[in-house]
Amino acid sequence: MPDGNRNSLTDLLVRIPLFDSLVPDECRRVLASCKQVSFSKDDVIFEVGDPGTRLIILLQGSVSVQSANGREIGRHEPIDTIGEMEIASTQPRHARAVALTDISGMMIFQNDLESLFEKDPGLGVKLLRNIVNSLAEKLAANIKLKDV
């Protein structure tokens with residue numbers, strides 16, 4: 001990836017909740033482990049039961065997260081993450097993710113994330129804390145929707 005693109009992506013990463021409290025150098029190290037990814041409208045990104053081996057940072061587009069019966073249980077927009085629940089565990093996917101529009105983002109595989117954790121435990125703690133915070137916020141929002 002050219003340095004100009006990497007720098008602009010690094011600037012974007014520091015605004016993404018998953019990268020909260022990371023300094024730009026830490027963001028660059030995470031970015032170096034990511035792969036660019038894109039999906040077309042209506043593509044299935046994850047299916048219920050798929051291995052939870054990748055996390056996607058949504059940079060452009062919109063994604064619907066659906067239960068096994070097809071009911072929408074969440075919607076994600078740019079700078080959100082998709083797949084953090086399973087990447088932090090050994091569980092298979094509990095939901096289906098479908099592109100509502102053409103989307104683009106960055107993907108990191110579980111083994112690359114674990115490698116980052118091993119090389120820099122401090123960075124690993126920050127990322128895991130952010131993953132837990134993201135999951136807690138999504139759970140709280142889902143509970144509030146059910147109370148309405």
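Right, let's walk through the structure included here.

About the cut-offs
- Residues numbered from 1 in each chain as written.
- Predicted model: local features only at pLDDT ≥ 70, side-chain atom pairs only at ≥ 80, totals over all residues.
- Heavy atoms only, no water.
- Pairing = 2+ DSSP bridges.
- Helix = DSSP H or I, 4+ residues; strand = E, 2+ residues; numbered from the N terminus.
- Contact = heavy atoms within 4.5 Å.
- Axes fitted to C-alpha atoms, helices over the stretch in contact; angles between N-to-C directions.
- Phe/Tyr/Trp six-rings, centres within 6.5 Å; stacked < 30°, edge-to-face > 60°.
- Lys NZ or Arg CZ within 6 Å of the ring centre and 35° of its normal.
- Buried < 20%, exposed > 50% of the residue type's maximum accessible area, 1.4 Å probe, protein only.
- Polar contact = N/O pair within 3.5 Å; in protein donor to acceptor, adjacent residues only side chain to side chain.
- 1 Å grid on protein atoms, 1.4 Å probe; cavity = no way out; pocket = protein on both sides within 12 Å on 5 of 7 lines; lining within 4 Å.
- Points joined across faces, edges and corners; volume = space filled by probe spheres on them.
- Nonpolar A, V, L, I, M, F, W, Y, C, P; charged D, E, K, R; others polar.

Things to note about the sheet that holds strand 8 (residues 103-109)
Ordered in space as 1-8-3-6, the 4 strands form an open sheet in which the pairing is antiparallel. Since the sheet does not close on itself, it has two edges, and those belong to strand 1 (35-39) and strand 6 (81-82), each with one partner. In the sheet, strand 3 (residues 54-60) pairs with strand 8 via 6 bridges, with the strands oriented antiparallel. Note on strand 8: the bridge partner recorded for R54 is F109. Strands in contact with helix 4 (residues 110-119) are strand 1 and strand 8; relative to strand 8, the strand with the most contacts, it is inclined by about 55°.

Some details on the packing of aromatic side chains
Considering all chains together, one arrives at 0 aromatic pairs under this definition. The ring of F46 has R93 lying over it, and the distance from NZ or CZ to the ring centre is 3.6 Å.

Quick look at the sheet that holds strand 5 (residues 72-76)
Read across the open sheet, the 4 strands follow the order 2-7-4-5; overall the sheet is antiparallel. Each of the sheet's edge strands pairs with one partner strand only, and the pair in question is strand 2 (44-46) and strand 5. Within the sheet, the average angular offset between the axes of one strand and its neighbour, ignoring direction, is 30°.

Considerations on the side chain of Q110
If you trace the backbone, Q110 turns up in helix 4. A residue is classified by how much of its surface remains accessible, and Q110, at 17% relative accessible area, is buried. A distance of 2.9 Å separates a polar atom in the side chain of Q110 from the backbone oxygen of I87. From its side chain, Q110 meets the backbone oxygen of S89 in a polar contact 3.1 Å long. Setting aside anything within four residues of it in sequence, one finds Q110 in contact with G52, T53, E86, I87 and S89.

Some points on the pairing of strand 5
Inspection of the sheet shows strand 4 (residues 63-66) paired to strand 5 by 4 bridges, in the antiparallel sense. Residue pairing across strands places V63 opposite H76, the latter belonging to strand 5. What sits between the antiparallel neighbours strand 4 and strand 5 is a turn of 5 residues, in which G70 has the positive phi angle 95°.

Considerations on the layout of surface pockets
Each pocket or cavity is described by its volume, and for the largest pocket that value is around 640 Å³. Residue lining of the largest pocket: 24 residues in total, with V65, I73, H76, M85 and K138 positioned closest to the centre. Those elements giving two or more residues to the lining of the largest pocket turn out to be strand 5, strand 6, helix 3 (84-87) and helix 5 (121-147). Top contributing element to the lining of the largest pocket by residue count: helix 5, with 7 residues. Residues of the lining of the largest pocket, tallied by class, amount to 11 nonpolar, 6 polar and 7 charged. For the second largest pocket, the calculated volume is near 150 Å³. Of all the elements, helix 5 adds the most residues to the lining of the second largest pocket, at 5 residues. When its residues are assigned to classes, the lining of the second largest pocket shows 4 nonpolar, 4 polar and 4 charged.

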